[in-house]
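Descriptive analysis of the structure
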Amino acid sequence: MELIIHGTGAMGTVVSDLAFQDKEIKITSFADELTTEKGDVIIDFSHFSRLESLLNYSEKNRIPLVIATTGYSDEVLEKIKETSKKIPILISSNMSLGVNLMQDILERIVPILYGNYDIELIEKHHNKKVDSPSGTAKTMLEVIEKGCSEKMERVYGREGIKKREENEIGVHVVRGGTIVGEHSVLFCGNDEIIEIKHTALSKKIFGMGAIKAAKFLVGKEPGLYSMKDIFSNL
């Protein structure tokens with residue numbers, strides 16, 4: 001498999017190191033801007049400001065695309081959906097198996113626990129992360145909201161003197177040091193707390209997931225894919 005890595009930052013470097021050790025992969029490009037590069041698939045770990053030009057490049061050259069970048073606007077998301085009608089695109093706010101399994105667990109338990117437990121989400125990342133809350137946290141919030149029978153209100157942080165309302169989801173963000181990534185969802189009831197938590201101990205898990213996604217995407221029909229499409233067959 002000939003691989004193009006878009007984005008030369010920390011995660012792009014992780015993917016490059018992992019791909020170099022994989023005998024099935026040949027890296028044909030490792031860059032922040034693509035011009036004439038060719039390959040079987042692109043893994044994108046760049047910046048959301050680069051996504052529109054990347055989508056144009058992928059569509060023009062008919063190269064499947066794995067998008068691991070977060071922080072993009074609703075307008076860019078619509079462009080991703082439109083482009084996926086012409087080329088296969090896999091998009092995920094988090095490339096780890098554990099996080100995607102956590103989201104699957106949330107889908108199952110939220111409808112059961114809703115109404116009897118207060119729901120709070122806490123996410124932690126390193127001090128260089130620019131988007132807040134994280135893309136993974138936003139995805140988890142969407143999963144939680146879909147599982148609730150009534151409209152929920154997101155409350156970002158808490159201060160002042162105000163009682164918690166019933167249909168709130170508290171969202172709390174921590175940025176500091178070199179925290180790779182941690183996401184916790186707390187269901188707080190009377191005299192008990194249920195906590196679903198995922199902690200990333202290194203960035204390698206995201207790189208390995210992205211490579212698995214790239215291998216999955218090669219040869220696929222145009223469409224919008226997710227990590228669920230990969231892990232459903234494990």
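Scroll up to find the structure.
None of the values given here were measured: they were computed from a predicted structure.

1. Regarding the overall build of the chain
Each helix and strand in the chain was counted, giving seven helices and eleven strands. Relative to the globule expectation of 17 Å for 234 residues, the C-alpha radius of gyration of the chain, 19 Å, shows essentially globular dimensions. Here the contacts in the chain between residues at least 6 apart in sequence split such that 66% fall between residues at least 24 apart. Counting only carbon and sulfur atoms, one obtains 50% of the accessible surface of the chain, whose full area is about 12,400 Å². Each charge class in the chain was averaged separately, 30 positive and 35 negative side chains, and the resulting centres sit 4 Å apart.

2. Things to note about the environment of Phe 206
Here Phe 206 is to be found in helix α6 (residues 204-217). Separated by 71 residues in the primary sequence, Phe 206 and Gly 135 have C-alpha atoms spaced 13 Å apart. Sequence-distant contacts of Phe 206, that is, excluding residues within four places in its chain, are made with Met 11, Phe 45, Asn 94, Met 95, Ser 96, Val 180 and Ala 200.

3. Description of the pairing of strand β6 (residues 118-125)
As paired elements, β6 and strand β9 (residues 181-189) share seven bridges and run antiparallel to each other. The residue of β9 that forms the bridge with Ile 122 is Ser 184. Bridge analysis of β6 against strand β8 (residues 168-175) gives seven bridges, and the strand direction is parallel. Paired with Leu 121 across the two strands is Val 171, which belongs to β8.

4. Some points on the sheet that holds strand β10 (residues 192-200)
The strand order across the open sheet formed by five strands is β7-β8-β6-β9-β10, and the pairing between neighbours is mixed. What marks the edges here is a single partner per strand, and that holds for β7 (153-156) and β10. Adjacent strand axes in the sheet meet at a mean angle of 15°, parallel and antiparallel pairs treated alike. Two elements, β7 and β8, share four bridges in a ladder whose sense is parallel. Following the sheet pairing, Glu 153 is matched in β8 by Glu 168.

5. Describing α6
A rise of 1.5 Å per residue sets the reference length of α6, with its 14 residues, at 20 Å; its end C-alpha atoms lie 20 Å apart and thus fit the reference within 8%. Inspection of α6 places Phe 206, Gly 207, Gly 209, Ala 210, Ile 211, Ala 213, Ala 214, Phe 216 and Leu 217 among the buried residues, and these make up the whole buried set. At the exit of α6 stands Gly 219, carrying a positive phi of roughly 90°.

6. Quick look at the packing of aromatic side chains
Counted under the stated rule, the structure contains one aromatic pair. Ring geometry for Phe 216 and Tyr 225: centres 5.8 Å apart, planes at 80°, overall edge-to-face. By relative accessible area, which is 16% here, Phe 216 ends up buried. Since its relative accessible area comes to 16%, Tyr 225 is described here as buried. Residue placement shows Lys 220 over the ring face of Phe 216; its charged tip is 4.2 Å from the ring centre.

7. Let's talk about the nonpolar core
Judged by nonpolar contacts, the single largest core of 28 residues is most densely connected at Leu 3, Ile 43, Phe 45, Val 66, Leu 90 and Met 95. Secondary structure elements with two or more residues in this core: β1 (2-6), α1 (10-20), β3 (41-44), α6 and α7 (227-231). Of the residues forming this core, the biggest block, seven residues, is contributed by α6. Among all residues touching Leu 3, those that are not within four sequence positions of it are Val 15, Ala 19, Ile 25, Lys 26, Ile 27, Thr 28, Ser 29, Val 41 and Ile 43. Val 99, Ile 109, Met 140 and Leu 141 belong to the second largest nonpolar core, which has 22 residues in total.

8. Some points on the sheet that holds strand β2 (residues 26-31)
Pairing within the open sheet is parallel, and its six strands lie in the order β2-β1-β3-β4-β5-β11. Each edge of the open sheet is held by one strand with a lone partner, namely β2 and β11 (223-225). Neighbour to neighbour, the strand axes of the sheet diverge by 20° on average, direction disregarded. Pairing geometry for strand β5 (residues 88-91) and β11, over three bridges, is parallel. Counted as the bridge partner of Leu 90 is Tyr 225 from β11. Here α1 sits on the sheet and contacts β1, β2 and β3; the angle it forms with β2, its principal contact strand, is near 165°.

About the thresholds
- Residues numbered from 1 in each chain as written.
- Predicted model: local features only at pLDDT ≥ 70, side-chain atom pairs only at ≥ 80, totals over all residues.
- Heavy atoms only, no water.
- Helix = DSSP H or I, 4+ residues; strand = E, 2+ residues; numbered from the N terminus.
- Rg over C-alpha atoms; globule rule 2.2 N^0.38 Å.
- Contact = heavy atoms within 4.5 Å.
- Areas by Shrake-Rupley, 256 points an atom, 1.4 Å probe, with all protein chains shown as cover.
- Lys, Arg positive; Asp, Glu negative; His and termini not counted.
- Charge placed at Lys NZ, Arg CZ, Asp CG, Glu CD.
- Pairing = 2+ DSSP bridges.
- Axes fitted to C-alpha atoms, helices over the stretch in contact; angles between N-to-C directions.
- Expected span 1.5 Å × (residues − 1).
- Buried < 20%, exposed > 50% of the residue type's maximum accessible area, 1.4 Å probe, protein only.
- Phe/Tyr/Trp six-rings, centres within 6.5 Å; stacked < 30°, edge-to-face > 60°.
- Lys NZ or Arg CZ within 6 Å of the ring centre and 35° of its normal.
- Core = buried A, V, L, I, M, F, W, Y, C linked by side-chain atoms within 4.5 Å.

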